[in-house]
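# Structural overview
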Amino acid sequence: MSKEIPQLYGLVLAGGKSTRMGSDKGLLNYHGRPQQEYLYHLLEQVCAEVYLSVRDEQRASVSNEFNVIVDQNDYRGPFNGILSAHKAHPNVAWMVLACDLPLLDLESIKDLAAKRNPDMLATSYATHESGLPEPLVTIWEPAALKKSIEHLESTDSTCPRKFLINSDIQLVHPIQDEVLYNANSLSDYEFAKSKLG
């Protein structure tokens, strides 16, 4: 008897403080709408349900058309949003996307979903150049999130990449590395805008 594959939900991490950018990265406009909404709508085409991960003080400014999970602040860094989502829906897998990925497109998201290996702890995009998992463009299986809680309780490291590097995961390479381009500063924003034409 084959085990049931957990449903796939989508999570856009939009709760970061965006200090280097100087303004909220989730609200930057690359595609005619705020980036967090753009990614949310991409995920809707691949996932059973989609949520925006936000800080408590952002909640009021998010339109009611979007499902929201508010950070529980039990953990530091990106794990805060990811594990707040896991707490809300512990039996699903989460396709997690950071909101600072302006060149990520539907084709890449569909490709990651198609190459998901539910027998591994996670299915993670990695650039050809680095070969390292990109934790914020990753499908996290429920087992990985349970394990990451144990990991966080037994170590000082809150780095999700470090957790993935030391776990049994499926690595997937995008067609072009640039879809994983992180825009963290104003010059990154301008570069991404120029790439998108």
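Further up the page is the structure itself.
Conventions used here
Residues numbered from 1 in each chain as written. Predicted model: local features only at pLDDT ≥ 70, side-chain atom pairs only at ≥ 80, totals over all residues. Heavy atoms only, no water. Phe/Tyr/Trp six-rings, centres within 6.5 Å; stacked < 30°, edge-to-face > 60°. Helix = DSSP H or I, 4+ residues; strand = E, 2+ residues; numbered from the N terminus. Buried < 20%, exposed > 50% of the residue type's maximum accessible area, 1.4 Å probe, protein only. Core = buried A, V, L, I, M, F, W, Y, C linked by side-chain atoms within 4.5 Å. Contact = heavy atoms within 4.5 Å. Pairing = 2+ DSSP bridges. Axes fitted to C-alpha atoms, helices over the stretch in contact; angles between N-to-C directions. Salt bridge = Lys/Arg side-chain N within 4 Å of Asp/Glu carboxyl O. Polar contact = N/O pair within 3.5 Å; in protein donor to acceptor, adjacent residues only side chain to side chain.

Let us now look at the packing of aromatic side chains. Summed over all chains, the structure comprises nine aromatic pairs. Each ring, one from Y40 and one from F66, has its centre 4.8 Å from the other, and the planes form 90°; the classification is edge-to-face. Highlighted residues: Y40 in helix α1 (residues 35-44) and F66 in the loop between β2 (49-54) and β3 (68-70), separated in sequence by 26 residues. For the pair shown, Y40 and F66 are each scored as buried. In this structure an aromatic cluster arises from ring pairing among Y9, Y51 and W94.

Residues W94, L104 and W140 are the most contacted members of the largest nonpolar core, which totals 52 residues. For this core, the element with the most residues is strand β4 (residues 93-98), which contributes six residues. Not counting residues up to four positions away in its chain, the partners in contact with W140 are F79, I82, A93, W94, V96, L121, A122, P135, L145, P160, F163 and L164. Core analysis: the second largest hydrophobic core is formed by six residues, L28, Y30, L103 and A183 among them.

Right, let's talk about the sheet that holds strand β5 (residues 122-126) for a bit. Spatial strand order, β3-β2-β1-β4-β6-β5-β7: seven strands in an open sheet with mixed pairing. Strands at the two margins of the open sheet, each flanked by one partner only, are β3 and β7 (169-172). Each strand of the sheet is rotated relative to its neighbour by a mean of 30°, with strand direction disregarded. Relative to β7, β5 runs parallel, the two being bridged by four bridges.

Another aspect to go through is helix α2 (residues 79-88). With eight of 10 residues buried, α2 is to be regarded as a mostly interior element. Considered for burial, the residues of α2 that qualify are F79, N80, G81, I82, L83, S84, A85 and H86.

Within strand β6 (residues 133-140), eight of the eight residues are buried, which leaves it mostly tucked inside the rest of the structure. Inspection of the sheet shows β4 paired to β6 by four bridges, in the antiparallel sense. Looking at the pairing, W94 lines up with W140 of β6. In this structure, β5 lies alongside β6, joined through four bridges in antiparallel fashion. Residue T123 lies in a different strand from β6, and its bridge partner there is I139.

On to the pattern of salt bridges, then. Taken as a whole and assessed by the stated rule, the structure comprises six salt bridges. As a salt-bridge pair, D111 and K115 come within 3.1 Å of each other at their nearest N and O atoms. The partner of R116 in a salt bridge is E141, and the shortest N-O contact between them spans 2.8 Å. Of this pair, R116 sits in the loop between α3 (106-114) and β5 while E141 sits in the loop between β6 and α4 (142-154), placing them 25 residues apart in sequence. Residue classification places E141 among the buried positions, given a relative accessible area of 2%.

Relative accessible area serves as the criterion here: at 15%, R116 is assigned to the buried category. Polar side-chain contacts of R116 include one of 2.9 Å to the backbone oxygen of P6. Excluding anything up to four places from it in sequence, R116 contacts I5, P6, L8, A93, T123, I139 and E141.

Read these as layout, nothing more, since geometry by itself doesn't imply function.
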